[in-house]
Amino acid sequence: MSMLDKIIIMLTHNDKTVPDAIEVFEENKDLPVQYWGFKDVGMEPVNMKVLCSKMRAAGKTSFLEVVSYTEEECMRGAKLAAECGFDYLLGTLYYDSVAEYVREQGLKYLPFAGKVSQSPSILEGTPQEMLAQEADFAEKGVFGTDLLGYRYVDGDPTALSSEYIKKAKRPVVLAGSIGTEERMKLVKEMDPWCFTMGSALFTKNFVKDGSFRDNLVYVVEFLKTL
C-alpha cells in the first residue's frame, strides 16, 4: 500500500468532531482519500448518521473513533458505530462484551493498545506489555489495534511505535499527533496498516494561510512523494 492509501482523514480537532464536519467532508470528498472518520463526541448522533451515510454514498470507508474508558461508555460508542453504519470501530478500552457486540454487527474492531487515559488521551505502558495485550486481542479475533503512539508518555514515542508496529500480529492504526512532514516520513518507515490525521489540517500546519482543503491537498501531494 502507498502512504496515500494508508491515511485516515479524521474530521476532528482537539479530540472532538468539528461542528461543520458534514460540510467539510462534502467539500473534500472528491480528493483521492479513501478512508475518512470522526469521533463520537462533538456532533449530535443524528448528524453523525447523516455524515456516515454521505461517506458511504461517496464510496468511502468509514471509521468511528471512540475515546471512552468505562465498559458502559465503550458499549455506547460501539452501538453508535453500528447504528450509523460505520465500517470500523477505533478506540475504546477493550472489553469482551464490546468485542462480541461488534462482531455480531459485522464491524471491524481496533481497540486501544496499552493503558490509555485522560482527555486529550495519553498512552502509558511498556512495549512488552502492549504486545502481550495485542497478542491476546488477536487470539480473541479482534481485527487490530489503535496505537496512540505520539501520545506516549513513558518513553520515546517513535521507538515504541516502531517496535509495536513491527511485532504486532494484527493491523495497527497509528493515531494522534501526526501533523508534520517529518512525522509522515517516520510513519512511512514504521509502515503501520493505517494512520490518522485530523487536527493538523484544521490548525493549518502545512499551508498557514490556506483552507482545510488547501492543507489536505498539500498532504495528498506530499504523500505521493513518499
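Computed from a predicted model, the values in this text were never measured in an experiment. (Residues numbered from 1 in each chain as written. Predicted model: local features only at pLDDT ≥ 70, side-chain atom pairs only at ≥ 80, totals over all residues. Heavy atoms only, no water.)

Asks: When you look at the environment of Lys 60 in this model, what are you seeing that I'm missing?
Replies: Inspection of the secondary structure assignment puts Lys 60 in the loop between α3 (45–57) and β5 (61–66). Note on Lys 60: relative accessible area 12%, which makes it buried. It is 6.9 Å that separates the C-alpha atoms of Lys 60 and Trp 36, two residues lying 24 residues apart in sequence. Polar contacts involving the side chain of Lys 60 include one to the main-chain carbonyl oxygen of Lys 29, which spans 3.0 Å. (Helix = DSSP H or I, 4+ residues; strand = E, 2+ residues; numbered from the N terminus. Buried < 20%, exposed > 50% of the residue type's maximum accessible area, 1.4 Å probe, protein only. Polar contact = N/O pair within 3.5 Å; in protein donor to acceptor, adjacent residues only side chain to side chain.)

Asks: Help me understand the pattern of salt bridges, please; the structure alone is not making it clear to me.
Replies: Two side chains bearing opposite charge may form a pair once their charged atoms approach each other closely. All told, the structure shown has twelve salt bridges when counted by the stated rule. A salt bridge links Lys 6 to Asp 191; the shortest N-O distance between them is 3.0 Å. Here Lys 6, found in helix α1 (residues 3–6), pairs with Asp 191, found in the loop between α8 (181–190) and β12 (194–197); they are 185 residues apart in sequence, far enough to count as distant. Here Arg 151 and Asp 15 are joined by a salt bridge, their closest N and O atoms 3.6 Å apart. (Salt bridge = Lys/Arg side-chain N within 4 Å of Asp/Glu carboxyl O.)

Asks: Just to check I follow, could you spell out the nonpolar core for this structure?
Replies: Grouped burial of nonpolar side chains is what soluble globular proteins tend to show. Within the largest apolar cluster, 80 residues are counted, with the highest numbers of intra-cluster contacts made by Ile 7, Ile 9, Leu 11, Leu 51, Leu 174 and Leu 216. In contact with Ile 7, other than residues within four places in its own chain, are Val 33, Tyr 35, Phe 195, Met 197, Val 219 and Leu 223. (Core = buried A, V, L, I, M, F, W, Y, C linked by side-chain atoms within 4.5 Å. Contact = heavy atoms within 4.5 Å.)

Asks: What should I look at first to understand the packing of helix α2 (residues 21–28) against helix α10 (residues 212–224) in this one?
Replies: Packing of α2 against α10 brings their axes to within 10 Å, and their N-to-C directions diverge by 50°. One element, α2, and the other, α10, form an angle in the oblique class. Remark: the crossing between α2 and α10 carries right-handed chirality. Here Val 24, Glu 27 and Asn 28 of α2 come into contact with α10, specifically with Phe 212, Arg 213 and Leu 216. Class assignment of the residues belonging to the contact of α2 with α10 gives a composition of three nonpolar, one polar and two charged. (Axes fitted to C-alpha atoms, helices over the stretch in contact; angles between N-to-C directions. Parallel < 35°, antiparallel > 145°, perpendicular 65-115°, else oblique. Left-handed = near helix turned anticlockwise from the far one by under 90°. Nonpolar A, V, L, I, M, F, W, Y, C, P; charged D, E, K, R; others polar.)

Asks: Even after reading the chapter, I still don't get the environment of Arg 170, so can you show me in this structure?
Replies: Within the secondary structure, Arg 170 is located in the loop between α7 (157–167) and β11 (172–174). A residue is classified by how much of its surface remains accessible, and Arg 170, at 33% relative accessible area, is partly exposed. A distance of 3.3 Å separates the side chain of Arg 170 from the backbone oxygen of Ala 138, its partner in a polar contact.

Asks: In this structure, what is going on with α2? I would like to understand it.
Replies: Among the residues of α2, those classed as buried are Ala 21, Ile 22, Val 24, Phe 25 and Asn 28. Relative to the axis of α2, the buried residues are bounded by an arc of 165° and lie together on one face. Where α2 is buried, its residues contact β3 (16–17), β4 (35–39), α3, α9 (199–202) and α10. (Arc of directions from axis to C-beta.)

Asks: Please clarify how the layout of surface pockets should be interpreted in this entry.
Replies: Once rolled over the atoms, a probe with the size of a water molecule shows which space is left empty. Taken as a whole, the largest pocket encloses approximately 310 Å³ of empty space. What lines the largest pocket is a set of 23 residues, among which Asp 15, Arg 151, Gly 176, Ser 177 and Ser 199 lie closest to the centre. When contributions to the lining of the largest pocket are tallied by element, the ones reaching two or more residues are β12 and α9. For the lining of the largest pocket, the per-class residue count stands at eight nonpolar, eleven polar and four charged. Estimates place the volume of the second largest pocket at around 150 Å³. Lining of the second largest pocket is provided by Asn 14, Asp 15, Lys 16, Lys 39, Asp 40, Val 41, Glu 65, Val 67, Ser 68, Tyr 69, Glu 73 and Ser 119. Class assignment for the residues of the lining of the second largest pocket results in three nonpolar, three polar and six charged. (1 Å grid on protein atoms, 1.4 Å probe; cavity = no way out; pocket = protein on both sides within 12 Å on 5 of 7 lines; lining within 4 Å. Points joined across faces, edges and corners; volume = space filled by probe spheres on them.)

Asks: Where do I start with the state of the cysteines in this structure?
Replies: As used in these notes, a disulfide is a covalent bond between sulfur atoms, one from each of two cysteines. The full count for this structure, using the stated rule, is zero disulfides. Not part of a disulfide, Cys 74 finds its nearest cysteine sulfur in Cys 84, a span of 16 Å. Not part of a disulfide, Cys 84 finds its nearest cysteine sulfur in Cys 52, a span of 5.7 Å. (Disulfide = S-S within 2.5 Å.)

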